[in-house]
Amino acid sequence: MTKVTEAPYAAGTPLLGSMADLLGDPLAAYLRARRDHGDVVRFRAGPPGLRREIYGVFSAEGIQQVLATEAANFRKDNAIYEELRQALGNGLLTSQDEDYRRQRRLIQPLFTRRRVEDYATAVTSEATALAARWRETPGGADGAVELVEEMRGYALRVVGRVLFGSDVEQSIEVVRDSLPMLNERARARALSPVKLPRDWPTPANRRAARAQAGLYALCDAIISRRMDAREREEREQTPGSGLGPEDGAAEDLLTLLIGAHNAEDGSLTRAELRDQVLVFFLAGHDTTATALTFALHLLARHPAEQRRVHEELDQALPDGRTPTAADLEALPRLTMVLKEAMRLFPPSPAVSRLAVAETVIGGRRIPAGAAVLVSQWVAHRHPAYWEDPERFDPERFTPQAEADRPRYAYFPFGGGPRACIGQHFSTLHSVLSLATLLRAYEVEDATGGGDIPLGAGITLLTKGPVRVRVRSRV
């Protein structure tokens, strides 16, 4: 019988424990804790009397317990998800129990691989427009493009177009200005040992309230207009009211969400529709923007690998034609590059849960009520699964190499019953975007060769510019 022991503590200060490390550089703190103490580690954070303990779980086997085999014991009842619920509602990312199961049953059919492929044209038309803009205005004084903001703006347009169709233009500015602030505020409040009530009229609370009100008003207005049109169409039985897309185009996701219905679960209410839209904006654009940023950054720093990708694109897309969903199978090298970029720079660097009942992971006791954290950032660099883990090597993602690794050595989209519903869309979006841009351009590193400063919030945070020079191939 395996002996059960208490998890060791990560090093910290007597007054604040590991709080300074977790606030200042959590990615380094997680790596250091695993290196020094093993695959299950306790962090103490905060001053005495307000101190919290967080259990870091870093092995593939332990992560599988938390996310999959014992998922019912690890719930989203913790501070970060409560802050997200308060900011963005009770959508798929934050809901639990029957609320979550009902939403998932209604929404899952909208994210099958076949359904998602309908959005390929929206992706490639936006990517083609971006490529054209780079040709007209290739960058600053040195001809460089700053990828973080470029990819964030681009991904936001794609997700907005997929969600809202022709209503995308009125949504972009509001979402761009409001969503990142609410995201960061949720992270900061979740980590703070002392939280002021949200209704106190502090400057931060007033800014958050304005941002939330603007987002809610935008979504509510678009949803109401669509639902009113749908109800009017049903009463008058006159199809073609303008609710759906133009002829020949895929229906936007909001249209599909409004029409989602089954006998067991009914339909989504207007408030539930708004919550789903906000979650899709949050989860759908920032994570993909991160993947695109670092895939291009890594190719810019590895010209031999970039040449292989260009050769593959030239063969798969003769005469420079626009890629389609059907081309994904002909782009295995580009897909491997994307996967390796998401290994080294996982868009979600960590996932948190709350243990309901006591359990044992890797021979360490996890008490009931414990905050538990699993980290893509650490698992994707774990020396037990990855040789020379900091090296960029797309060969790690050949079919045989993937089959030989434990399932949760690599989990950019989470896993288990709460795995990201949008992973097919994210992959389609990322591969087609890279194919469109790299078909037209070569990219050359313009950052000076140093490390990119990073942080960790709900998503991976890039604290400095990621710059490349783009050179036309045509």
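As shown above, the structure is provided for reference.
Given the structure is predicted, the values throughout are model-derived calculations rather than measurements.

Student: How should I be thinking about the overall build of the protein in this particular structure?
Tutor: When you go through the protein residue by residue, the secondary structure sums to 17 helices and 14 strands. Over its C-alpha atoms, taken along the principal directions, the protein stretches across nearly 65 × 60 × 45 Å. With 474 residues in all, the protein has 53% of them scored as buried. Across the protein, the fraction of contacts at a sequence separation of at least 24, relative to all contacts at a separation of at least 6, is 75%. As presented, the protein carries roughly 20800 Å² of accessible surface, and 53% of it is formed by carbon and sulfur atoms. Across the protein, the centroid of the 61 positively charged side chains sits 5 Å from that of the 63 negatively charged ones.

Student: How should I be thinking about a negative patch on the surface in this particular structure?
Tutor: Together, Glu117, Asp118, Glu251 and Glu329 line one region of the surface with negative charge. In this fold, Glu251 is placed in the loop between helix H10 (203-236) and helix H11 (253-259). When its relative accessible area of 37% is taken as the criterion, Glu251 is described as partly exposed.

Student: What am I meant to see in the sheet that holds strand S7 (residues 351-355) here?
Tutor: Sheet strands associate in pairs through backbone hydrogen bonding, adopting either a parallel or an antiparallel arrangement. Pairing in this open sheet of five strands is mixed, and the strands run S1-S2-S10-S7-S3 from one edge to the other. Across the chains shown, the open sheet's two edge strands, defined by having one partner strand only, are strand S1 (40-45) and strand S3 (74-75). Here S7 runs beside strand S10 (residues 371-374); their pairing, made up of four bridges, is antiparallel. Following the sheet pairing, Arg353 is matched in S10 by Val372. Across the face of the sheet, helix H3 (residues 60-69) comes into contact with strand S2 (52-57), S3, S7 and S10 while running at roughly 120° to S10.

Student: Whenever I open this one, empty space enclosed by the protein confuses me. Can you help?
Tutor: Any space left empty among the atoms is revealed by the rolling of a water-sized probe across them. Within the structure shown, the criterion is met by two cavities of 30 Å³ or more. Estimated volume of the largest cavity: approximately 60 Å³. If you go around the largest cavity, the residues you meet are Val148, Arg152, Asp286, Ala289, Thr290, Thr293, Phe294, Leu460 and Thr462. Looking at which element gives the most residues to the lining of the largest cavity, the answer is helix H12 (residues 270-301), with five residues. Tallied by class, residues from the lining of the largest cavity come to four nonpolar, three polar and two charged.

Student: What's the story with the environment of Arg114 in this structure? I'm lost.
Tutor: Here Arg114 is to be found in helix H6 (residues 113-116). Sequence-wise, Arg114 and His424 are 310 residues apart; in three dimensions their C-alpha atoms are separated by 9.4 Å.

Student: I tried to follow the side chain of Arg333 on my own but got confused; where do I start?
Tutor: Mapped onto the elements, Arg333 comes out in helix H14 (residues 332-344). Note on Arg333: relative accessible area 15%, which makes it buried. A polar atom in the side chain of Arg333 sits 2.7 Å from the side chain of Glu305. In this structure Arg333 touches Glu305, Arg308, Val309, Glu312, Pro394 and Glu395, once residues within four positions along its chain are discounted.

Student: Could you clarify how one ought to interpret the packing of aromatic side chains in this entry?
Tutor: The geometry of two aromatic rings is summed up by the distance between their centres and the angle between their planes. Under the criterion given, the structure shown has ten aromatic pairs. Taking 5.4 Å as the distance between ring centres and 50° as the angle between the ring planes, the aromatic pair formed by Phe111 and Phe280 counts as tilted. Pair noted here: Phe111 is in the loop between helix H5 (97-107) and H6 and Phe280 is in helix H12, with a separation of 169 residues, a long-range link. The pair Phe111 / Phe280 is uniform in exposure class, with both members buried. Ring geometry for Trp386 and Phe397: centres 5.9 Å apart, planes at 40°, overall tilted. Residue Trp386 is found in the loop between helix H15 (376-379) and helix H16 (399-404), and its partner Phe397 is found in the loop between H15 and H16; the two are separated by eleven residues along the sequence. Comparing Trp386 with Phe397, the two get one shared label, buried. Through a chain of ring-to-ring contacts, three or more aromatic side chains come together here, namely Trp386, Phe397 and Tyr410. The lysine or arginine in question, Arg42, covers the ring of Tyr9, its NZ or CZ lying 4.0 Å from the ring centre. In this arrangement the basic side chain of Arg381 is found over the ring face of Trp377, its NZ or CZ atom lying 3.7 Å from the centre.

What counts as what
- Residues numbered from 1 in each chain as written.
- Predicted model: local features only at pLDDT ≥ 70, side-chain atom pairs only at ≥ 80, totals over all residues.
- Heavy atoms only, no water.
- Helix = DSSP H or I, 4+ residues; strand = E, 2+ residues; numbered from the N terminus.
- Buried < 20%, exposed > 50% of the residue type's maximum accessible area, 1.4 Å probe, protein only.
- Contact = heavy atoms within 4.5 Å.
- Areas by Shrake-Rupley, 256 points an atom, 1.4 Å probe, with all protein chains shown as cover.
- Lys, Arg positive; Asp, Glu negative; His and termini not counted.
- Charge placed at Lys NZ, Arg CZ, Asp CG, Glu CD.
- Patch = residues over 30% accessible without salt bridge, like charges linked within 9 Å, V, L, I, M, F, W, Y side chains within 5 Å.
- Salt bridge = Lys/Arg side-chain N within 4 Å of Asp/Glu carboxyl O.
- Pairing = 2+ DSSP bridges.
- Axes fitted to C-alpha atoms, helices over the stretch in contact; angles between N-to-C directions.
- 1 Å grid on protein atoms, 1.4 Å probe; cavity = no way out; pocket = protein on both sides within 12 Å on 5 of 7 lines; lining within 4 Å.
- Points joined across faces, edges and corners; volume = space filled by probe spheres on them.
- Nonpolar A, V, L, I, M, F, W, Y, C, P; charged D, E, K, R; others polar.
- Polar contact = N/O pair within 3.5 Å; in protein donor to acceptor, adjacent residues only side chain to side chain.
- Phe/Tyr/Trp six-rings, centres within 6.5 Å; stacked < 30°, edge-to-face > 60°.
- Lys NZ or Arg CZ within 6 Å of the ring centre and 35° of its normal.

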